[in-house]
Amino acid sequence: MTLVTILFEAILFCWFFGCICTYKFKNYILVEGVGIKSAEFIMLCLFVIGVISFWIQPFWGKWFLLGVLVFWFAVQFFCHWYYTFFGASEKKLKGYNDCFKNTVHIIPASETKLIPDLYHIILHLLILTNIGLIIYNIAI
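An account of the accompanying structure is given in this report. Just so you know, these numbers come straight off a predicted model, no measurement behind them.

Reading guide: rules and limits
Residues numbered from 1 in each chain as written. Predicted model: local features only at pLDDT ≥ 70, side-chain atom pairs only at ≥ 80, totals over all residues. Heavy atoms only, no water. Buried < 20%, exposed > 50% of the residue type's maximum accessible area, 1.4 Å probe, protein only. Helix = DSSP H or I, 4+ residues; strand = E, 2+ residues; numbered from the N terminus. Arc of directions from axis to C-beta. Contact = heavy atoms within 4.5 Å. Patch = residues over 30% accessible without salt bridge, like charges linked within 9 Å, V, L, I, M, F, W, Y side chains within 5 Å. Areas by Shrake-Rupley, 256 points an atom, 1.4 Å probe, with all protein chains shown as cover. Salt bridge = Lys/Arg side-chain N within 4 Å of Asp/Glu carboxyl O.

Describing helix H4 (residues 90-99)
Along H4, the positions that sit buried rather than exposed are Leu 93, Tyr 96 and Asn 97. Along H4, the residues classed as buried sweep out an arc of 95° about the axis, all on the same side. Facing away from the buried side of H4, by more than 90 degrees, are the exposed residues Lys 91 and Lys 94. The secondary structure elements touched by the buried residues of H4 are helix H3 (58-86).

Right, dumping it as structure tokens:
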């Protein structure tokens, strides 16, 4: 297990924790937290269990953590990027834009295409980075 892997696990945890408690800086909302009674909290717990198992029992822990990360990315893909690439219904697009209207966007929200906000773009990149690092740890 490399120091880089541990660092990116910690970064992903801190970043995703924003889904539990709101990250707000002055007038900018990075992400609105939904609290502990949410699917996001369950995913955070699974990730923590995966990371702890990776540290305590690397032989099977790395496989469990990889499974959690791949599942997490698949869920995120089908909640965000699927609709970006393949289109969204008017109802889905309106609901998505209303849900994330107060968050920071590097690409402005669109009336015709679903565009993830900055928080979710970085979250997805962090999940993919962690998947890559776990695969690297499996290979060595």
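Observations concerning the environment of Val 75
Structurally, Val 75 can be placed in helix H3. Residues Val 75 and Leu 65, 10 residues apart in the sequence, show an inter-C-alpha distance of 15 Å.

Focus on a nonpolar patch on the surface
Side chains of Ile 42, Leu 46, Ile 49, Phe 59, Trp 60 and Phe 64 sit close together on the surface and give an oily, nonpolar patch of about 620 Å² of accessible area. Elements that contribute at least two residues to the nonpolar patch include exactly helix H2 (39-56) and H3. By secondary structure assignment, the location of Trp 60 is in helix H3.

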